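The residues making up each chain are set out below.
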Amino acid sequence: MAASTLTALRVLIRLSLATELQYRVNLLQSLIGGAAAQATQLLFIGVILTSFGAIGGWSASEVMLLVGLRMAAHAIYAFFFRRVIDNDRVVHTGEFDRYLLRPVPAFLQLLTRQFNLQQLGDIFIAAAVLGVAVRNASIDWTFGLALFCGASVIGGGLIEASLQTIRAAAAFRLANTDALIGTIDSLVGTYSNFPLQIFGGFASAFFTFAVPLAFIAWAPAAILLNRSADLGFPAEIAWSTPAFGPILMMLAVTVYHLESRHYSSPGS
Amino acid sequence: MIVAEHLVKQFHRRAVPDGPASRFRSLFAAREAVRAVDDISLAIDKGEIVGFLGPNGAGKSTTIKMLTGILVPTAGRVEVAGVVPWRHRRRNALNIGVVFGQRSQLWFDLPLRRSLEAIRDLYSVSAADYRNRMSQFDDLLDLGSFLDTPVRSLSLGQRIRGDLAAATLYRPPVLYLDEPTVGLDVVAKVALRDLITSLNVDGRTTVMLTTHDMDDVEQLCQRIMVIDGGKMLYEGDLKDLKRRFAPYRDLIVTPRSPSDADRIDSGLATRVSSPGAAKVTLRFDPQEVSAPEVIHSVSSQFEVSDISILDPQLEDVVRRLYGGNP
Ligand SMILES: Nc1ncnc2c1ncn2[C@@H]1O[C@H](COP(=O)(O)OP(=O)(O)OP(=O)(O)O)[C@@H](O)[C@H]1O
Ligand SMILES: [Mg+2]
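Residues numbered from 1 in each chain as written. Chains lettered and ligands numbered in written order. Predicted model: local features only at pLDDT ≥ 70, side-chain atom pairs only at ≥ 80, totals over all residues. Heavy atoms only, no water.

### Side note on the overall build of chain A
- When you go through chain A residue by residue, the secondary structure sums to 13 helices and 0 strands.
- Ordered by position in the sequence, the α and β elements of chain A form the string α-α-α-α-α-α-α-α-α-α-α-α-α.
- Against the 2.2 N^0.38 benchmark of 18 Å for 268 residues, chain A shows a C-alpha radius of gyration of 19 Å, consistent with a compact globule.
- Looking at chain A as a whole, 53% of its 268 residues qualify as buried.
- Counting only contacts in chain A whose residues sit at least 6 apart along the sequence, the fraction spanning at least 24 positions is 77%.
- Looking at chain A as shown, the accessible area adds up to about 11500 Å², and 69% of this sits on carbon and sulfur atoms.
- Treating the 15 positive side-chain charges of chain A as one cloud and the 14 negative ones as another, the clouds have centres 10 Å apart. (Helix = DSSP H or I, 4+ residues; strand = E, 2+ residues; numbered from the N terminus. Rg over C-alpha atoms; globule rule 2.2 N^0.38 Å. Buried < 20%, exposed > 50% of the residue type's maximum accessible area, 1.4 Å probe, protein only. Contact = heavy atoms within 4.5 Å. Areas by Shrake-Rupley, 256 points an atom, 1.4 Å probe, with all protein chains shown as cover. Lys, Arg positive; Asp, Glu negative; His and termini not counted. Charge placed at Lys NZ, Arg CZ, Asp CG, Glu CD.)

Next up, the structure:
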């Protein structure tokens with residue numbers, strides 16, 4: 001009899017934590033590394049804001065909220081889904097054989113191949129930035145809006161995760177997808193930090209409908225700040241932001257499992 | 001228990017060109033198709049132990065990977081314990097145990113014990129069963145001495161023993177063993193065979209075994225399948241195979257005086273040992289002449305100190321099969 005998925009998840013997390021704790025030195029290093037990467041990003045945004053004051057009609061504190069949302073969403077992705085980028089290695093070393101031989105969804109085994117303890121650093125920094133940003137921005141908080149904000153952060157994390165998952169699924173057929181990982185990282189890392197209207201109508205349409213970066217931070221920030229007129233699409237769509245992440249993620253996981261049928265298992 | 005019909009697996013390889021920008025150009029290189037398995041059908045009943053043989057690159061591992069659900073067949077049908085492995089992967093996982101000699105299924109960075117406990121929980125093995133089976137593994141495979149060593153630090157033989165324990169802990173009705181005896185010492189090999197035999201006898205476990213060690217086959221398998229170039233070359237009883245491909249027996253004669261060695265002969269058998277050897281090998285076809293007749297004809301002409309009869313070696317038989325000259 002198979003264990004329930006919940007039991008399986010508990011077992012897998014137990015193993016990944018134990019694995020992570022085998023390398024305590026690495027852990028400290030990567031915590032510092034992760035924080036440094038975040039700091040660089042903050043610095044970059046800071047420079048832009050102090051040089052230009054406002055971006056696309058959004059004041060510094062409004063852009064700060066956008067950046068805070070984006071960082072929080074990224075932290076969610078990084079903590080729960082970062083191991084998705086290991087799929088290349090997992091496929092090419094044949095570690096994926098093992099995933100296929102266990103009575104647990106393969107995708108779950110990929111996510112838990114290591115516990116992302118180092119990404120806790122991301123979460124703290126993101127929470128701090130978002131906290132400061134929320135205080136500085138003038139938002140008329142209601143219970144519904146707070147709920148929307150939290151759900152959007154999770155949804156934003158899921159959007160980034162779904163893009164990376166689809167990218168990961170390419171590894172089953174392509175020998176090398178490094179270039180794709182970089183592309184998605186820099187696309188998400190760069191463009192979701194800005195109010196997208198500054199790139200003009202075509203770009204904002206592209207990031208809304210083709211690669212839905214608009215819903216990682218831009219759309220929810222516009223709702224919170226009462227600036228949905230800048231979006232270029234109806235506010236109702238922006239209000240549905242929290243739904244997009246879960247839908248895209250379900251699609252992405254389905255694609256991942258379908259693509260895994262092309263796995264060719266390196267010779268043995 | 002295991003049924004496969006007209007199984008085909010085709011791999012695509014991209015030729016990687018030499019020279020500048022080879023990585024880039026390889027994107028556009030023609031893909032060549034390799035048929036690793038080419039129309040194989042087989043059926044294995046519950047409780048059988050089948051030896052799956054063939055030279056390197058024959059397609060054994062590829063076939064096993066299709067039967068386990070790791071690979072999706074290019075064409076053909078597979079069903080194992082009523083389940084199509086690649087389609088109902090998780091249901092299939094509960095029915096099978098797999099050991100690949102070359103690649104561990106264990107959690108590499110953790111002590112072996114952690115892997116076994118994880119498998120206990122993933123397959124809902126009860127605490128009592130776990131204890132009993134672990135003590136059996138300890139008796140047969142001497143697991144106790146390296147249970148707390150991280151898998152990455154285990155020796156090859158220890159690791160394979162760990163893998164074998166992991167694959168049989170939940171007593172799957174079907175066991176696939178792909179070269180499980182590579183790197184095992186003599187004692188461990190015997191222990192592994194004992195474990196397989198006991199699983200097969202007590203639990204009617206169906207076993208499919210790939211190996212290049214013919215002793216494994218002779219000790220364990222009732223039936224063998226030989227493949228080459230992705231095609232089934234022979235399938236049947238081990239005894240029949242020997243009868244068909246090695247229809248001879250050897251009489252080994254040691255003469256009392258070494259000077260006789262080069263003179264010993266019998267009109268009934270062919271001498272196959274090289275001149276100068278201390279022992280003489282006479283080969284005869286048991287269909288045409290009986291062993292006592294050959295022995296009598298030799299011992300009546302010469303004084304011999306020892307005489308023995310050798311059955312054909314499976315190794316020779318298989319070599320002939322692989323070579324394609326029966
Ligand atoms: N992932 C793969 N991609 C491309 N070709 C492969 C792949 N796996 C196996 N092959 C090819 O398929 C053929 C059969 O390989 P397979 O591993 O099944 O042989 P085998 O019978 O297990 O051999 P061995 O005794 O050496 O283990 C070989 O020609 C091999 O090069
Ligand atoms: Mg092989």
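What follows picks up the thread again.
### A word on the site of ligand 1
- Neighbouring ligand 1 are 18 residues, the closest being Ser264(A), Gly57(B), Lys60(B), Ser61(B) and Thr62(B).
- Each of chains A and B places residues near ligand 1.
- Ser264(A) has a polar backbone atom sitting 2.8 Å from a nitrogen atom of ligand 1.
- A distance of 3.0 Å separates a nitrogen atom of ligand 1 from a polar atom in the backbone of Ser265(A).
- Isolated, ligand 1 exposes 630 Å² of accessible area, and the fraction of that covered by the protein chains is 78%.
- Broken down by element, the shell around ligand 1 gets its largest block of residues, 3 residues, from helix α2 (residues 60-68) of chain B.
- A class-by-class count of the residues in the shell around ligand 1 yields 5 nonpolar, 10 polar and 3 charged. (Near = heavy atom within 4 Å. Polar contact = N/O pair within 3.5 Å; in protein donor to acceptor, adjacent residues only side chain to side chain. Nonpolar A, V, L, I, M, F, W, Y, C, P; charged D, E, K, R; others polar.)

### Some details on the interface of chain B and chain A
- With 35 residues of chain B at the contact, the number on the chain A side is 33 residues.
- Interface of chain B and chain A: buried area, both sides summed, is about 3300 Å²; carbon and sulfur atoms make up 53% of it.
- Interface area lost by chain B to chain A is led by Arg89(B), Arg103(B) and Leu122(B), which between them contribute 20%.
- Close ionic contact of Arg103(B) with Asp97(A) constitutes a salt bridge, the shortest N to O distance being 2.4 Å. (Buried area = accessible area lost by both parts, 1.4 Å probe. Salt bridge = Lys/Arg side-chain N within 4 Å of Asp/Glu carboxyl O.)

### Some words on empty space enclosed by the protein
- Overall, the coordinates contain 2 cavities of 30 Å³ or more when judged by the stated rule.
- For the largest cavity, the calculated volume is near 80 Å³.
- Along its surface, the largest cavity is lined by Leu101(A), Arg102(A), Ile96(B), Gly97(B), Val98(B), Gln105(B), Asp163(B), Ala166(B), Ala167(B) and Tyr170(B).
- Counting only elements with at least two residues in the lining of the largest cavity, the list comes to β5 (96-100) and α6 (156-168) of chain B.
- Along the lines of polarity and charge, the residues of the lining of the largest cavity split into 6 nonpolar, 2 polar and 2 charged. (1 Å grid on protein atoms, 1.4 Å probe; cavity = no way out; pocket = protein on both sides within 12 Å on 5 of 7 lines; lining within 4 Å. Points joined across faces, edges and corners; volume = space filled by probe spheres on them.)

### Let's talk about the environment of Leu241(B)
All names here are of chain B.
- For Leu241, the position within the fold is in helix α9 (residues 238-245).
- Between the C-alpha atoms of Leu241 and Ala127, which are 114 residues apart in sequence, the distance is 45 Å.
- For Leu241, the residues in contact, after removing those within four places along its chain, are Ile224, Tyr234, Ala246, Leu314, Val317 and Leu321.

### Remarks on the sheet that holds strand β13 (residues 304-310) of chain B
Residues and elements named next belong to chain B.
- The strand order β11-β12-β10-β13 describes an open sheet built from 4 strands, whose pairing is antiparallel. Edge positions in the sheet fall to β11 (270-271) and β13, since each of these pairs with one other strand and no more.
- Of the strand pairs in this sheet, β11 and strand β12 (residues 280-284) are connected by 2 bridges, and their pairing is antiparallel. Bridged to Thr270 within β12 is Arg283.
- Here helix α10 (residues 291-301) sits on the sheet and contacts β10 (249-255), β12 and β13; the angle it forms with β13, its principal contact strand, is near 160°. (Pairing = 2+ DSSP bridges. Axes fitted to C-alpha atoms, helices over the stretch in contact; angles between N-to-C directions.)

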